[in-house]
Amino acid sequence: MHWNAGTLISLVSTVLYGAIFGLVAFSRPRNQLRRIFALYLLAMVLWSSSAFLTTSGLVNVLTWFKIMAASPIAMMVGIFYFVQTLFGLRRKWAPLTVFYAILAVAFTVFSDLVVLSASLSPSGELHYELNTPVIVLLAGVGYFLIVVSLVDLIKGLKHTQDANHRQRLRYLVIGLSITIVSTAANFTELGKYPIDVAANVLTAILIAYAILRHNLLDIKVVVRLGILYSVITAILGSIYFLVISLVLNIFNLLAGEELLLISILVGALSGFILTPLRNLTQTSVDRLFYREKYNAGLMLQRLSQTTVSVLDLDAVADLVLSEIIETLHINHGAIMVKSMKGGYFRALAQRGETHGMNLAFEADHPIVRWMKLQNRILTKHDLSIHPTFKALWGKERQDLARFQIELFIPLLFKGDLVGYIVLGPRRSGQPYTSDDLVFLSTLSNQTAVTVENARLFDELEETFVQTVSALANAIDIRDSYTSSHSQEIAGWAAKIAEKIGCRPDQIKSVYWGGVLHDIGKIGIPDEILRKKTSLDRPEWDIIYQHTRRGAEIIAPIKKLEAVAPIIASSHERYDGLGYPMGIKGEEIPLGARIVAVVDSFSAMISERPYKKPYTVNKAIHELKRNIGKMYDPAVVQAFLEVLEIDASQIDS
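Residues numbered from 1 in each chain as written. Predicted model: local features only at pLDDT ≥ 70, side-chain atom pairs only at ≥ 80, totals over all residues. Heavy atoms only, no water.

> Just checking my understanding: could you explain the pairing of strand β6 (residues 407–413) for this structure?
With six of seven residues buried, β6 is to be regarded as a mostly interior element. Two elements, strand β5 (residues 378–379) and β6, share two bridges in a ladder whose sense is antiparallel. When the bridges of β6 are listed, leucine 378 appears paired with phenylalanine 408. One ladder, built from seven bridges, connects β6 with strand β7 (residues 416–423); its direction is antiparallel. Looking across to β7, one finds that leucine 407 is bridged to leucine 423. Following β6, the chain reverses through two residues before pairing antiparallel with β7; lysine 414 in that reversal takes a positive phi of roughly 55°. (Buried < 20%, exposed > 50% of the residue type's maximum accessible area, 1.4 Å probe, protein only. Helix = DSSP H or I, 4+ residues; strand = E, 2+ residues; numbered from the N terminus. Pairing = 2+ DSSP bridges.)

Okay, structure coming up:
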């Protein structure tokens with residue numbers, strides 16, 4: 001027997017295609033697409049096995065070389081019919097290809113018109129002679145079929161919108177391209193090398209990956225994995241056998257005890273090396289096919305680390321849903337959270353095609369009641385058979401079917417349903433497994449705690465806002481001027497801060513600075529605050545202290561620490577002639593420079609006891625005239641841009 005690179009490659013190719021053929025041929029149900037693909041794989045098995053037998057020297061070389069030459073013809077016809085069936089194509093001339101295949105294979109195998117001779121040299125080198133005109137005629141038709149198939153696959157790849165289907169077609173396109181190029185090498189000087197068979201190995205790996213990873217032909221994962229483990233075992237066994245044979249050939253002069261000893265040593269060494277390799281390979285396979293399981297564990301780690309520091313309810317919901325969708329490869333989904341005011345559930349985060357989906361159920365909705373009582377995932381199957389859901393309206397059932405809702409996952413915290421996650425089907429089309437449901441249940445427990453913490457934080461935020469608003473109202477009661485303009489000042493100030501490029505936390509501080517910049521006036525006597533005539537010097541001295549007093553009132557409130565400096569400096573001037581500290585330029589906090597501009601503008605366009613209001617145009621003129629004196633030029637420019645946006649809201 002001859003062992004060389006060609007023999008080894010042919011053997012590996014035979015094992016690979018044999019395993020894939022078994023996977024496709026014996027999987028259920030057997031549909032037309034699988035049967036045609038199985039015929040294509042059978043042709044590839046014959047091609048690889050005949051190449052192995054031809055170069056091994058174990059059989060009649062000429063007979064098996066003829067089979068090896070005929071197999072690519074059968075392969076080309078098989079792949080042509082597979083692509084036709086895959087896309088539902090009906091070419092009128094397609095049946096003629098069957099007659100072509102029968103005649104071409106018969107001529108090649110049972111006559112001497114195609115293969116003139118084939119033999120092995122003593123060193124194992126293959127020598128053959130082909131009838132060039134005849135082989136070109138036969139192969140030309142086959143190449144035409146395979147090129148047509150490749151074009152159809154590329155068209156299908158361009159038009160399909162399904163990401164998983166695109167992956168399947170992409171691997172078929174690559175594999176077919178490799179086959180076309182490699183078989184063409186047989187008509188050159190490279191034909192004496194096993195290039196075509198080596199390419200078959202690569203194509204087999206691509207097809208196997210498309211079947212195993214991207215569910216080509218919709219074969220169940222358990223069957224796919226079983227076959228793949230068998231392939232790995234077969235390949236490693238072949239390597240073991242080849243190593244033993246090679247060593248025995250090298251030591252063929254030995255006999256008796258010496259040969260037995262060498263065999264034992266080689267066997268032990270091969271087992272020592274190949275066993276860890278097998279374990280490593282199978283671990284890699286597990287990672288490949290249970291990638292979602294590995295990714296799910298990592299996702300739980302990421303969420304447990306990140307959600308601890310995220311207390312914004314919208315951000316939490318968006319983060320959790322994004323992780324679920326991407327990790328489990330789901331088409332669409334949403335997270336619904338219970339409203340703090342009322343018993344209904346509102347959508348807080350959505351992904352995929354969820355437009356028009358109405359999942360904002362009331363607290364007494366059958367689905368909500370079921371999740372709260374059962375405290376487990378509600379599946380599409382449960383919805384279809386459980387008597388509780390017979391009360392659903394026809395339109396609700398239609399909506400659930402139209403949006404392909406597969407799972408409702410309850411988020412329960414101390415017996416209270418704080419929300420639920422809605423998930424559509426997986427992109428692969430495979431159903432959710434029991435492992436998926438266990439993982440999602442674990443995730444829901446963690447998410448429920450995170451959502452409840454964020455909800456409590458929102459309640460504290462709301463209480464805080466109410467407290468600050470109460471402080472602002474205390475000013476409004478005493479000063480009719482501020483009552484009509486404090487919110488407007490705050491809104492303008494926040495928009496300027498956003499336009500300038502401030503961070504969200506800075507924008508929030510500027511907003512509250514606008515609301516509370518005159519809080520210190522609460523300590524000014526009414527006779528000064530509401531005086532209709534001009535103030536004297538002592539009265540102005542009291543007025544000048546209101547910014548400092550306002551900052552002192554706000555400073556002890558931890559959430560308003562950043563607001564106190566804004567209030568303290570809100571009446572400073574850009575040129576340093578303001579009060580109470582007389583600081584200038586960049587020394588004045590940015591928030592204070594912003595509030596100074598909008599406060600002045602609001603004062604100018606408002607009626608006061610001692611003056612008539614300016615028109616908007618005149619107020620803008622005054623702002624521009626005092627750029628670099630009273631106001632920061634950049635802030636005035638940003639405010640003018642904001643005014644253009646809000647011009648319709650300004651009473652001129």
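> Would you mind going over the pairing of strand β3 (residues 333–338) with me for this structure?
Put simply, side chains in a regular strand alternate between the two faces of the sheet. Across the six residues of β3, five count as buried, placing the element largely inside the fold. Where β3 and strand β4 (residues 345–351) come together, six bridges link them in antiparallel fashion. Directly across from glycine 333, in β4, lies its bridge partner arginine 351.

> Before we go on, may I ask you to explain the pattern of salt bridges in this structure?
Close approach of charged atoms lets side chains of opposite charge pair. Enumeration over the complete set of coordinates arrives at 15 salt bridges. One salt bridge connects aspartate 518 with lysine 521, and the closest N-O pair in it is separated by 3.4 Å. As far as burial versus exposure is concerned, aspartate 518 and lysine 521 are alike and both buried. A salt bridge links arginine 573 to aspartate 575, with the shortest nitrogen-to-oxygen separation between them at 2.7 Å. Judged by relative accessible area, which is 22%, arginine 573 ranks as partly exposed. Note on aspartate 575: relative accessible area 28%, which makes it partly exposed. Salt bridges sharing common partners tie together Glu586, Arg593 and Asp632. (Salt bridge = Lys/Arg side-chain N within 4 Å of Asp/Glu carboxyl O.)

> What is the right way to read a nonpolar patch on the surface from this model?
Nonpolar side chains collect at one region of the surface, where Trp93, Leu96, Phe99 and Phe144 lie side by side and expose about 450 Å² of accessible area between them. Residue placement: leucine 96 occurs in helix α4 (residues 96–110). Its relative accessible area of 56% is what places leucine 96 among the exposed residues. (Patch = residues over 30% accessible without salt bridge, like charges linked within 9 Å, V, L, I, M, F, W, Y side chains within 5 Å. Areas by Shrake-Rupley, 256 points an atom, 1.4 Å probe, with all protein chains shown as cover.)

> Which parts of the structure should I look at to understand the sheet that holds β4?
Adjacent strands of a sheet pair through backbone hydrogen bonds, lying either parallel or antiparallel. In space, the five strands of this open sheet follow the order β4-β3-β7-β6-β5, with antiparallel pairing throughout. Of all the strands in the sheet, just β4 and β5 have a single pairing partner and so form its edges.

> Looking at this structure, I do not really get helix α3 (residues 61–87). What am I missing?
An ideal rise of 1.5 Å per residue puts 39 Å on 27 residues; α3 measures up with 40 Å between its terminal C-alpha atoms. Its side-chain oxygen at 3.2 Å from the backbone nitrogen of leucine 62, asparagine 60 defines the N-terminal cap of α3. Glycine 88 lies just past α3 and shows a positive phi near 70°. (Expected span 1.5 Å × (residues − 1). Polar contact = N/O pair within 3.5 Å; in protein donor to acceptor, adjacent residues only side chain to side chain.)

> Would you mind going over the environment of isoleucine 620 with me for this structure?
Secondary-structure assignment places isoleucine 620 in helix α23 (residues 616–625). Note on isoleucine 620: relative accessible area 17%, which makes it buried. Placed 16 residues apart in sequence, isoleucine 620 and valine 636 show a C-alpha to C-alpha distance of 9.2 Å. Excluding residues that lie within four positions of it along the chain, isoleucine 620 makes contacts with Phe601, Leu640 and Leu643. (Contact = heavy atoms within 4.5 Å.)

> What's the story with the packing of aromatic side chains in this structure? I'm lost.
Two aromatic rings, taken as a pair, are described by how far apart their centres are and by the angle between their planes. Taken as a whole and assessed by the stated rule, the structure comprises 16 aromatic pairs. Both rings, one in phenylalanine 80 and one in tyrosine 81, keep their centres 5.6 Å apart while their planes meet at 85°; by these two values the pair is edge-to-face. For phenylalanine 80, a relative accessible area of 0% puts it in the buried group. Ring centres 5.1 Å apart and planes at 80° place the aromatic pair phenylalanine 601 and phenylalanine 639 in the edge-to-face group. (Phe/Tyr/Trp six-rings, centres within 6.5 Å; stacked < 30°, edge-to-face > 60°.)

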